[in-house]
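Summary of structural features
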Amino acid sequence: MWVRTPLAVVMLGLALTGCGNNANPNEVPPTTTTSAAQHVSEPVTAGKDQDGKDIPLAIGQGLTVRLTANPSTGYLWELTQLDQSMVRQDGGAEYEQDASPRDMVGVGGTSIWRFTARAPGATRLVLEYRRPWEQGIEPAERFTLNLNVT
């Protein structure tokens, strides 16, 4: 019985040695790198000052358009032109009311539109400020951006 115990210990040691790592100790493990294409650029914000301008966007990059508005007058900004296969609108327009002194009603604010570049190409974004029920009448204002997605 005393001979079997050392033999069992030796066999257990050999079995555990066989379970080791077969990797070459001189081999350097591969590193992972992040390509520049995976990096999404910061969102772009455009307003009245960028009307008619060319705006470059990278795929995945966000675009926020902020325009003054006052829905209490009946006027709203409407999206009238955009190739949404290239640049997609994210949700509906939002409205931020300006601070109002003494809780006055009818105070204007900002209409906020969010978009995301989806595919390469060029498209035109057009927003028109109009009263939706007035058909056949030119909009009070028009806002245009020429978007170039790469």
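Look above for the structure.
Summary of the structure given here.

Thresholds applied
Residues numbered from 1 in each chain as written. Predicted model: local features only at pLDDT ≥ 70, side-chain atom pairs only at ≥ 80, totals over all residues. Heavy atoms only, no water. Helix = DSSP H or I, 4+ residues; strand = E, 2+ residues; numbered from the N terminus. Buried < 20%, exposed > 50% of the residue type's maximum accessible area, 1.4 Å probe, protein only. Contact = heavy atoms within 4.5 Å. Pairing = 2+ DSSP bridges. Axes fitted to C-alpha atoms, helices over the stretch in contact; angles between N-to-C directions. Polar contact = N/O pair within 3.5 Å; in protein donor to acceptor, adjacent residues only side chain to side chain. Salt bridge = Lys/Arg side-chain N within 4 Å of Asp/Glu carboxyl O.

Considerations on the environment of A58
If you trace the backbone, A58 turns up in the loop between β2 (54-57) and β3 (62-69). A58 sits in the partly exposed class, given a relative accessible area of 23%. C-alpha of A58 to C-alpha of R118: the two residues are 60 residues apart in sequence and 8.5 Å apart in space. With sequence-adjacent residues up to four places away left out, A58 is seen in contact with S41, A117, V149 and T150.

What to know about the sheet that holds strand β9 (residues 141-149)
One key point about sheets: their strands pair by backbone hydrogen bonds, in either a parallel or an antiparallel sense. Ordered in space as β2-β9-β8-β4, the four strands form an open sheet in which the pairing is mixed. Every other strand in the sheet has two partners, leaving β2 and β4 (76-81) as the edge strands with one partner each. On average, each strand axis in the sheet is inclined to that of its neighbour by 30°, with strand direction left out of account. Pairing of strand β8 (residues 121-130) with β9, which is carried by nine bridges, proceeds in the antiparallel orientation. The residue of β9 that forms the bridge with T123 is L147.

A look at the environment of A117
Within the secondary structure layout, A117 lies in strand β7 (residues 109-117). As a C-alpha pair, A117 and P56 span 61 residues in sequence and 9.8 Å in three-dimensional space. When residues no more than four places from it in sequence are discounted, the contact partners of A117 are L57, A58, I59, G60, Q61, M86, V87 and V149.

What about the side chain of T123?
If you trace the backbone, T123 turns up in strand β8. At a separation of 3.0 Å, a polar atom in the side chain of T123 contacts the main-chain amide nitrogen of D83. The contacts of T123, once residues within four sequence positions are left out, are L82, D83, M86, V87, L145, N146 and L147.

Description of the pattern of salt bridges
Oppositely charged side chains can pair when the atoms bearing their charge come close. In the structure shown here, the tally under the stated rule is nine salt bridges. Of the charged contacts, one joins R88 and D90 as a salt bridge, the two residues approaching to 2.9 Å between their closest N and O atoms. Under the relative-accessibility criterion, D90 is labelled partly exposed at 27%. Between E134 and R131 there is a salt bridge; the shortest N-O distance is 3.4 Å. On the basis of relative accessible area, R131 is assigned to the partly exposed category, the value being 23%. Among the charged side chains, a salt-bridge network with shared partners connects E78, E128, R130, E138 and R142.

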